[in-house]
Amino acid sequence: MNEAFAQNRFLETSLRARIAPILAQYCGLRFDERNADVLQRGLDQAARVEGIDVQRLCDLLETSPTDDLLQRVIRNITVGETYFFRHSEHFDFVREVVAPEIRAYQSSHPETQGHVRAWSAGCATGEEAFSLAHTLRSTMGYGYTIHVLGTDINRVSLDVARRGQYQARFVRGKDRIPPDLLHVTARGDALVAENIKK
């Protein structure tokens, strides 16, 4: 039993070693021993979805890594968990520290006044990016042009973010979401307010 376990562990390690550089080159994801289990679980899941074994998946990624295949693998190895005002302490920090610093900076740099740009990297389906936009808009006031760039390596997630439409039953922490951020329709969809989505 121990010999079979050791052989399987060696195979998993060698497959991860083959795939990690491909993912790093394609999308900048880095995997090492600290997060090897995340990569392994993702590869196992991606192989199941493709209907092949992990060895064959690795072969395909090495020999003919189509963009579609890489995107399907990425969907299985990235976390993608997000919801409105996730990690509320981050939004408190924006309100209490970042916004006052922006105002102070802009008061001595008139060419920057009235404009705020922020980046939500790894925004998944956009809930945190919209939360950041709402936080900045409500804190800075309507005299500012707020632009939040949301990016993610998962294109399917970005499509959801662009629409700004979510099934209300999946919206977590509804009690923390300001009413001017989301509108719930009669069909049960939660729509991001247009002034935030722009």
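Everything discussed here concerns the structure shown above.
Residues numbered from 1 in each chain as written. Predicted model: local features only at pLDDT ≥ 70, side-chain atom pairs only at ≥ 80, totals over all residues. Heavy atoms only, no water.

1. What to know about the side chain of R137
And step 1. Take R137: it is sitting in helix 6 (residues 127-140).
And step 2. As a buried residue without a salt bridge, R137 has its nearest oppositely charged side chain in D180, at a separation of 8.1 Å.
And step 3. Residues within four places of R137 in sequence aside, it is in contact with Y142, Y144, I146, N195 and I196. (Helix = DSSP H or I, 4+ residues; strand = E, 2+ residues; numbered from the N terminus. Buried < 20%, exposed > 50% of the residue type's maximum accessible area, 1.4 Å probe, protein only. Lys, Arg positive; Asp, Glu negative; His and termini not counted. Salt bridge = Lys/Arg side-chain N within 4 Å of Asp/Glu carboxyl O. Contact = heavy atoms within 4.5 Å.)

2. Let's talk about the sheet that holds strand 4 (residues 182-184)
Note on sheets: strands pair through backbone hydrogen bonds, and any given pair is parallel or antiparallel.
And step 1. Ordered in space as 3-5-4, the 3 strands form an open sheet in which the pairing is antiparallel. In this open sheet, the two strands that pair with only one neighbour each are strand 3 (165-167) and strand 4. The average undirected angle you get between the axes of adjacent strands in this sheet is 25 degrees.
And step 2. Taken together, the 3 bridges between strand 4 and strand 5 (residues 189-192) define a ladder with antiparallel strand orientation. Residue L182 lies in a different strand from strand 5, and its bridge partner there is V192. (Pairing = 2+ DSSP bridges. Axes fitted to C-alpha atoms, helices over the stretch in contact; angles between N-to-C directions.)

3. Details of the pattern of salt bridges
Pairing between side chains becomes possible if they bear opposite charge and their charged atoms approach one another.
And step 1. All told, the structure shown has 11 salt bridges when counted by the stated rule.
And step 2. With a closest N to O distance of 2.5 Å, R18 and E62 form a salt bridge. You can see R18 sitting in helix 1 (residues 2-27) and its partner E62 sitting in helix 3 (residues 54-63), a full 44 residues away along the chain.
And step 3. Among the residues examined, R18 registers a relative accessible area of 24% and is labelled partly exposed.
And step 4. In this structure, D67 and R155 form a salt bridge, with 2.3 Å as the shortest nitrogen-oxygen distance. With D67 in helix 4 (residues 67-77) and R155 in helix 7 (residues 155-163), this residue pair connects regions lying 88 residues apart in the sequence.
And step 5. The structure contains a network of salt bridges with shared partners spanning R18, D59 and E62.

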